[in-house]
Protein chains: 4
Amino acid sequence: MYSDLFFIKYNILNIININKIFINKVGIKNYYQPFIFDDNSGKLQRILGLWNIGNSVQTYKRGVHMSRFLYILNKILNKIISLKIIFKFYKFFNINYSNDFFLQLSFMYFIKKISPISLNFSLMNYKITLFLKKNNIFKNFLLKLTIPINTLCPCSKSISLYNAHNQRSYASIFILLKNNLKICELVYYIEKQASISLWSFLKRIDEKYFTEYSYNNPKFIEDLTRNIYNKFKKFKFFLKLENLESIHNHNVYSFCKNF
Amino acid sequence: MYSDLFFIKYNILNIININKIFINKVGIKNYYQPFIFDDNSGKLQRILGLWNIGNSVQTYKRGVHMSRFLYILNKILNKIISLKIIFKFYKFFNINYSNDFFLQLSFMYFIKKISPISLNFSLMNYKITLFLKKNNIFKNFLLKLTIPINTLCPCSKSISLYNAHNQRSYASIFILLKNNLKICELVYYIEKQASISLWSFLKRIDEKYFTEYSYNNPKFIEDLTRNIYNKFKKFKFFLKLENLESIHNHNVYSFCKNF
Amino acid sequence: MYSDLFFIKYNILNIININKIFINKVGIKNYYQPFIFDDNSGKLQRILGLWNIGNSVQTYKRGVHMSRFLYILNKILNKIISLKIIFKFYKFFNINYSNDFFLQLSFMYFIKKISPISLNFSLMNYKITLFLKKNNIFKNFLLKLTIPINTLCPCSKSISLYNAHNQRSYASIFILLKNNLKICELVYYIEKQASISLWSFLKRIDEKYFTEYSYNNPKFIEDLTRNIYNKFKKFKFFLKLENLESIHNHNVYSFCKNF
Amino acid sequence: MYSDLFFIKYNILNIININKIFINKVGIKNYYQPFIFDDNSGKLQRILGLWNIGNSVQTYKRGVHMSRFLYILNKILNKIISLKIIFKFYKFFNINYSNDFFLQLSFMYFIKKISPISLNFSLMNYKITLFLKKNNIFKNFLLKLTIPINTLCPCSKSISLYNAHNQRSYASIFILLKNNLKICELVYYIEKQASISLWSFLKRIDEKYFTEYSYNNPKFIEDLTRNIYNKFKKFKFFLKLENLESIHNHNVYSFCKNF
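None of these values were measured; they are calculated from a predicted model. What you see as residue numbers is a count from 1 along each chain, following the sequence as written. Starting at A for chains and at 1 for ligands, labels are handed out in the order in which the entities are written. Restriction of local features to residues with pLDDT of at least 70 applies here, the model being predicted, together with a cutoff of 80 or more for giving and counting side-chain atom pairs; totals for whole chains, interfaces and linings are based on all residues. Computation of side-chain values: all heavy atoms of the structure, hydrogens and water removed.

Chemist: Please clarify how the relation of the copies chain A and chain D should be interpreted in this entry.
Modeler: Between the two copies, chain A and chain D, the superposition gives an RMSD of 0.0 Å; the rotation angle is 180° and the shift along the axis is 0.0 Å. Look at the turn and shift together and you get a two-fold axis relating the two. Judged by C-alpha distance, Asn-163 of chain A is the residue of chain A that lies nearest the rotation axis, at 2.0 Å. A symmetric contact is evident, with 100% of the interface residues of chain A recurring at the interface of chain D. In this comparison the copies share one frame, found by least squares on the C-alpha atoms of residues holding pLDDT of at least 70 in both. Contact criterion: two residues are considered in contact whenever any of their non-hydrogen atoms come within 4.5 Å of each other.

Chemist: For this particular structure, what's the right way to read the relation of the copies chain D and chain B?
Modeler: The operation linking the two copies of the chain is a rotation about an axis combined with a translation along the axis. Each copy of the sequence occupies a distinct position, and chain D is placed on chain B by a rotation of 180° and an axial shift of 0.0 Å, giving an RMSD of 0.0 Å. In this assembly the copies share their binding face: 100% of the residues contributing to the interface of chain D also contribute to that of chain B.

Chemist: Help me understand the nonpolar core, please; the structure alone is not making it clear to me.
Modeler: Burial of nonpolar side chains together is a common tendency in soluble globular proteins. Put simply, buried Ala, Val, Leu, Ile, Met, Phe, Trp, Tyr and Cys residues joined by side-chain atoms within 4.5 Å make one nonpolar core. Summary of the burial criterion: residues with accessible area below 20% of their type's maximum are buried, those above 50% are exposed, and those between are partly exposed, where the area comes from a 1.4 Å probe applied to protein chains only. Ranked by internal contacts, the top residues of the largest apolar core, which has 288 residues, are Leu-143 of chain A, Leu-143 of chain B, Leu-143 of chain C together with Leu-143 of chain D. Ignoring sequence-local partners within four residues, the contact set of Leu-143 of chain D consists of Leu-83, Ile-128, Thr-129, Leu-130, Ile-173, Phe-174, Ile-175, Leu-177, Leu-181, Ile-183 and Leu-186 of chain D.

Chemist: Any chance you could explain a nonpolar patch on the surface here in plain terms?
Modeler: Residue and element names in this part refer to chain A. What goes into a patch is any residue over 30% in relative accessible area without a salt bridge, connected to like charges within 9 Å or, for nonpolar side chains (Val, Leu, Ile, Met, Phe, Trp, Tyr), within 5 Å. Here, Shrake-Rupley sampling with a 1.4 Å probe gives the accessible areas, and only protein chains in the shown set may cover a residue. A carboxyl oxygen of Asp or Glu within 4 Å of a side-chain nitrogen of Lys or Arg is what we treat as a salt bridge. On the surface, Ile-117, Ile-205, Tyr-209 and Tyr-213 cluster together to form a nonpolar patch covering roughly 340 Å² of accessible area. Under the DSSP-based scheme used, a helix requires at least four consecutive residues in state H or I and a strand at least two consecutive residues in state E, with every element numbered from the N terminus. If you trace the backbone, Tyr-213 turns up in helix α6 (residues 204–215). Note on Tyr-213: relative accessible area 33%, which makes it partly exposed.

Chemist: What's the story with the pattern of salt bridges in this structure? I'm lost.
Modeler: It is possible for side chains of opposite charge to pair when their charged atoms get near one another. Residue and element names in this part refer to chain D. The full count for this structure, using the stated rule, is 20 salt bridges over all chains. Where Lys-113 meets Glu-191, a salt bridge forms, and the shortest distance between an N and an O atom there is 3.1 Å. Of this pair, Lys-113 sits in strand β4 (residues 101–114) while Glu-191 is found in helix α5 (residues 183–193), placing the two residues 78 residues apart along the sequence. Lys-113 gets classed as buried once you look at its relative accessible area, which sits at 9%.

Chemist: Can you help me understand the interface of chain D and chain B in this one?
Modeler: Reports often express the size of an interface as the amount of accessible area lost when the parts come together. Each side of the interface is counted separately: chain D has 22 residues, and chain B has 22 residues. The term buried area refers to how much accessible surface (probe radius 1.4 Å) is lost by two components on association, counted for both of them together. A buried area of about 2000 Å², summed over both sides, lies between chain D and chain B, and 73% of it is on carbon and sulfur atoms. At the junction of chain D and chain B, the tally comes to zero salt bridges. Considering only residue class, the side of chain D that touches chain B consists of 13 nonpolar, six polar and three charged. Residues were grouped as follows: Ala, Val, Leu, Ile, Met, Phe, Trp, Tyr, Cys and Pro as nonpolar; Asp, Glu, Lys and Arg as charged; and all remaining residues, including Gly, as polar.

Chemist: I'm lost on the environment of Glu-212 of chain B in this one. Help?
Modeler: Residue and element names in this part refer to chain B. On the secondary structure map, Glu-212 appears in helix α6 (residues 204–215). Residue classification places Glu-212 among the buried positions, given a relative accessible area of 12%. Pairing of N or O atoms within 3.5 Å defines a polar contact, subject to two protein rules: one partner must be a possible hydrogen donor and the other a possible acceptor, and residues neighboring in sequence count only if both atoms are side-chain atoms. Side-chain polar atoms of Glu-212 contact the side chain of Lys-208, separated by 2.8 Å.

Chemist: Quick question: what am I supposed to make of the packing of aromatic side chains here?
Modeler: Aromatic rings considered in pairs are described by the distance between their centres and by the relative angle of their planes. Within 6.5 Å between ring centres, the rings of Phe, Tyr and Trp (the latter by its six-membered ring) count as paired, and their orientation is classed by plane angle as stacked under 30 degrees, edge-to-face over 60, tilted in between. Scanning the model with the defined rule gives 88 aromatic pairs over all chains in all. Look at Phe-131 of chain B and Phe-174 of chain B: their rings are 6.4 Å apart centre to centre, the planes differ by 25°, and that puts the pair in the stacked class. You can see Phe-131 of chain B sitting in strand β5 (residues 121–133) and its partner Phe-174 of chain B sitting in strand β7 (residues 166–176), a full 43 residues away along the chain. According to the relative accessible area criterion, Phe-131 of chain B is partly exposed, its value standing at 22%. Grouped by ring-pair contacts, the aromatic residues Phe-87, Phe-89, Tyr-90, Phe-92, Phe-93, Phe-101 and Phe-141 of chain A constitute a single cluster.

Chemist: Would you take a moment to explain the packing of helix α5 (residues 183–193) of chain A against helix α7 (residues 221–232) of chain A for this structure?
Modeler: Residue and element names in this part refer to chain A. Between α5 and α7, the shortest axis-to-axis distance is 9 Å and the interhelical angle comes to 145°. Our pair here, α5 against α7, has a crossing hand that is right-handed. Residue-level inspection shows Leu-186, Tyr-189, Ile-190 and Gln-193 of α5 in contact with α7, the latter providing Leu-224, Asn-227, Ile-228, Lys-231 and Phe-232. Taken together, the residues of the contact of α5 with α7 break down into six nonpolar, two polar and one charged. For every element, the axis is a line fit to its C-alpha atoms; helices are fit only across the contacting stretch, and the angle between N-to-C directions ranges from 0 to 180 degrees. For any helix crossing, the convention is left-handed if the near helix is rotated counterclockwise from the far helix by under a right angle, and right-handed if that rotation is clockwise.

Chemist: Honestly, the pairing of strand β4 (residues 101–114) of chain C in this entry has me stumped. Any pointers?
Modeler: A regular strand carries its side chains on alternate faces of the sheet. Residue and element names in this part refer to chain C. With eleven of its 14 residues buried, β4 lies for the most part within the structure. Pairing analysis gives six bridges linking strand β2 (residues 44–57) to β4, with the strands arranged antiparallel. The residue bridging Trp-51 from the neighbouring strand is Leu-105, located in β4. Examined bridge by bridge, β4 and strand β5 (residues 121–133) share 13 bridges and lie antiparallel to one another. What sits directly across from Ile-114, in β5, is Phe-121. Note: two strands are recorded as paired if DSSP finds a minimum of 2 bridges between them. Between β4 and β5, which pair antiparallel in sequence order, lie six residues; one of them, Leu-119, sits at a positive phi of approximately 60°.

Chemist: Which parts of the structure should I look at to understand the pairing of β7 of chain B?
Modeler: All names here are of chain B. Burial analysis of β7 places ten of its eleven residues in the buried class, the great majority of the element. Here strand β6 (residues 142–152) pairs with β7 via eleven bridges, running antiparallel. Following the sheet pairing, Thr-151 is matched in β7 by Gln-167. As paired elements, β7 and strand β9 (residues 237–243) share seven bridges and run antiparallel to each other. By the bridge assignment, Ile-173 is partnered in β9 with Leu-239.

Chemist: Looking at this structure, how should I read the interface of chain A and chain D?
Modeler: Counting residues at the interface gives 39 residues for chain A and 39 residues for chain D. Summed over both sides, the interface between chain A and chain D buries roughly 3400 Å², with carbon and sulfur atoms accounting for 49% of that surface. Contact with chain D buries area across many residues of chain A, yet Asn-163, Arg-168 and Asn-249 of chain A alone supply 20% of it, more than any other trio. Joining chain A to chain D, the criterion identifies zero salt bridges.

Chemist: Help me out: how do you make sense of the side chain of Ser-160 of chain B in this one?
Modeler: With respect to the helices, strands and loops of the structure, Ser-160 of chain B is situated in the loop between α4 (154–159) and β7. The buried category is assigned to Ser-160 of chain B, whose relative accessible area is 8%. Sequence-distant contacts of Ser-160 of chain B, that is, excluding residues within four places in its chain, are made with Glu-207, Lys-208, Thr-211 and Glu-212 of chain C.

Chemist: Would you mind showing me how to read unusual backbone geometry here?
Modeler: Trans is the prevailing form of peptide bonds, just as negative phi is the prevailing case for residues other than glycine. With a phi angle near 60°, Asn-30 of chain A is a residue other than glycine that sits in the positive phi range. The partly exposed category is assigned to Asn-30 of chain A, whose relative accessible area is 33%. Of note in this structure, Asn-78 of chain C is not a glycine but carries a positive phi near 60°. Among the secondary structure elements, Asn-78 of chain C is positioned in the loop between α2 (66–75) and β3 (80–82). Take Asn-78 of chain C: its relative accessible area is 39%, and that puts it in the partly exposed class.

Structure below.
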């Protein structure tokens with residue numbers, strides 16, 4: 001009896017609500033929570049994550065349960081997360097708590113780099129963001145990786161008797177997130193295209209190498225964009241580059257895509 | 001003779017370059033330059049613009065002429081720009097200097113608002129960004145407008161004996177940029193959907209009105225998203241809302257689109 | 001012979017340089033490096049630190065050894081650091097590598113908070129900065145701690161028939177850094193002064209408690225400033241508060257000091 | 001009768017309140033309002049100002065009138081403000097509405113610069129902040145001016161066969177605000193100390209000049225700090241420099257003061 005009544009009531013609610021607007025995303029944003037990142041290389045990093053998670057809202061619902069997202073986040077507090085495991089989490093939460101879950105996770109990833117001549121190690125930091133949502137622009141999951149590099153201007157080099165202006169630049173690639181993606185390799189391939197890559201700890205002999213190597217390897221932002229494009233052309237991706245120009249107070253940037 | 005030789009050389013260059021990658025955008029970013037904004041209401045505002053402009057790079061070209069973009073920007077320094085005139089600029093530069101020009105212009109737009117009871121005026125500021133590029137996501141030009149508002153939580157109201165938590169929120173709409181768009185009206189329609197709109201200058205009697213009006217008009221972020229959606233549903237747009245939650249140290253946000 | 005010549009040359013250099021300007025600080029800024037934070041409570045947190053370190057430059061020197069700072073930072077990579085140990089590091093580096101060292105370390109510190117009624121735990125994050133330099137404004141070392149809280153407006157409450165506007169606020173205290181400082185206690189004493197403190201995870205019954213408690217505990221920014229001042233008046237400190245006003249698009253702030 | 005009672009009540013309130021804490025600053029922050037800037041050179045600039053204004057709170061008062069600050073700001077909306085006039089405003093408001101007023105005004109200031117060889121003009125933007133408060137650190141009023149420049153590393157130059165790493169840097173001077181301060185001259189004297197100053201619009205022949213001039217004029221951050229110090233040593237000031245290092249992903253900075 002009761003359940004029948006309930007059923008009717010429920011139907012009425014549905015009828016009333018059936019013409020509500022579908023909302024693509026509702027959730028929480030800029031929530032800090034640490035986790036342990038397994039980068040598939042056998043080493044673990046304790047990491048400060050910045051999380052956005054949420055859900056779409058169907059036409060028959062008024063809204064999401066905001067507190068449920070904290071419940072979900074609590075479940076993965078201080079857990080080990082690899083690119084493989086993040087899919088499992090996504091699927092698990094999508095089945096159990098949601099049917100159109102999304103998750104965006106940003107963090108600073110570290111690689112120990114050895115300086116080119118003196119062979120001193122230091123940490124380099126790379127910003128990573130993972131985007132997990134069923135129906136994003138690629139109909140799939142994405143990884144964004146931002147890599148700081150050096151670019152030296154070919155025009156400045158060719159027209160000047162000596163020297164060339166050069167600057168710090170940022171190369172960001174958005175690429176399909178796959179289980180077996182090796183972040184170290186992504187970093188390596190992109191750094192290779194720059195005039196030269198950056199290090200945190202450089203002795204004088206390293207700085208000499210840096211300065212001369214960069215001069216022998218000048219790159220316009222267009223050259224660098226195409227070099228990275230060619231390196232990744234068998235993948236779907238988009239690419240953003242930005243130079244902190246040392247001759248101007250404004251930046252120079254490029255955008256290109258392969259999909 | 002000379003021209004023939006030139007022609008051959010040119011062809012060779014083309015043949016060499018023909019298989020270069022097409023780059024969607026290359027240009028300059030974060031360049032500050034003032035202009036005069038005509039908002040189609042008969043009043044002019046002197047405005048600090050933040051400009052990104054550039055061009056795509058065709059497969060047969062190595063790159064853009066960066067200095068040309070400054071030449072273009074110099075031409076429109078301190079010029080009067082309305083939504084109508086910005087199209088003309090776009091077309092003019094596209095024909096004369098470029099064949100796939102893009103322009104992005106961000107600025108702070110002011111409206112004098114009269115407080116609800118004491119009738120004191122004050123300035124409210126709204127951030128606007130114009131996006132002009134032939135082949136963007138809508139195949140057309142866009143305006144982004146961000147409006148600060150107040151939202152009061154219906155759940156908090158309904159479960160508490162008195163009071164309800166409320167906060168500052170930001171509603172951003174991305175809409176097709178048209179000649180005859182009235183920004184004041186956009187602001188008006190969106191502010192109307194909020195629990196209540198904001199003012200810079202409120203006397204006590206205004207604050208009383210504000211507090212009570214907001215309480216009588218509670219809105220979840222989902223409600224507000226749908227209310228704005230319904231108001232604009234005959235247009236193509238997307239919508240981003242964000243609440244600076246007064247009960248949490250993280251934000252709540254929504255995203256929805258109609259196209 | 002040679003060494004004598006060298007000695008003369010060296011003296012000449014010194015004589016030439018003796019009237020150089022003393023520079024208070026030269027160093028590196030915004031270097032990310034993880035460490036393990038011991039908060040004196042027996043629990044350890046793996047933490048992402050943002051480091052500024054450097055040295056003054058004496059009148060007889062041309063400059064600092066930038067690479068030495070990375071050498072120092074490498075030495076404390078992934079080390080356990082407590083408020084006690086950071087002094088030891090400071091002294092060690094001051095004696096061994098420098099005679100006027102400074103160190104500034106910012107990080108996000110987490111506390112597990114239990115929601116007031118449903119007793120669910122969640123993480124709250126608090127930004128901390130440590131300032132170590134011999135001759136700072138207090139002639140001593142400082143800790144800055146920023147705590148997000150809720151403030152409810154007494155004026156809005158008293159003039160309105162129901163409800164009161166309230167918002168997220170940030171209270172920052174700068175206090176003498178001492179070995180035995182308990183950060184948890186600092187957080188506790190400041191949160192106690194707010195209209196109510198924040199939680200990340202609130203169920204409906206918590207939200208009801210939050211809403212009603214805040215209403216019974218209204219605070220102007222001036223009230224809150226004085227309440228915190230009185231709680232800490234036996235210490236030297238300064239205090240900055242900022243309210244993200246829910247009725248305006250601008251903020252309200254206060255500053256006060258006790259030294 | 002009534003007024004006597006009121007008088008007694010008022011006195012009681014005073015007695016009750018007399019031991020409240022003195023608060024150095026309470027006010028509004030990040031309020032956008034345009035004004036017209038007269039830089040003492042005969043030319044006017046319409047400018048977007050970001051305003052912080054407020055007052056101290058005496059021991060016998062509960063707080064400030066927040067709405068009064070908007071009343072004050074409304075009075076100077078779109079007014080012409082020079083360094084001379086801002087003192088008048090300060091005094092006027094201090095006498096009429098307040099007895100310990102403070103005002104902080106930030107804006108982007110533009111100078112037309114002619115490129116060194118091709119003689120093309122373009123705008124350069126410099127961030128300025130004015131600080132007006134009776135009892136600040138200098139017991140006087142301050143102007144902060146930030147100037148983007150280029151610095152080329154002397155070490156990189158001297159150890160390398162060719163080229164030297166160089167980058168965009170920011171030099172900020174805090175100096176006593178005086179009626180007759182010429183901002184253009186401040187900019188000129190600081191830009192002169194850099195490896196070379198920046199322009200927004202550079203043709204190839206300018207870029208050649210820039211590249212070679214910078215190489216002939218290498219500066220460590222310590223050199224530049226001292227050069228600027230020596231230029232301004234008859235004034236009280238403090239100085240902050242920051243290099244966006246092109247060889248690292250972190251910055252290098254210096255601080256020095258003369259007072």
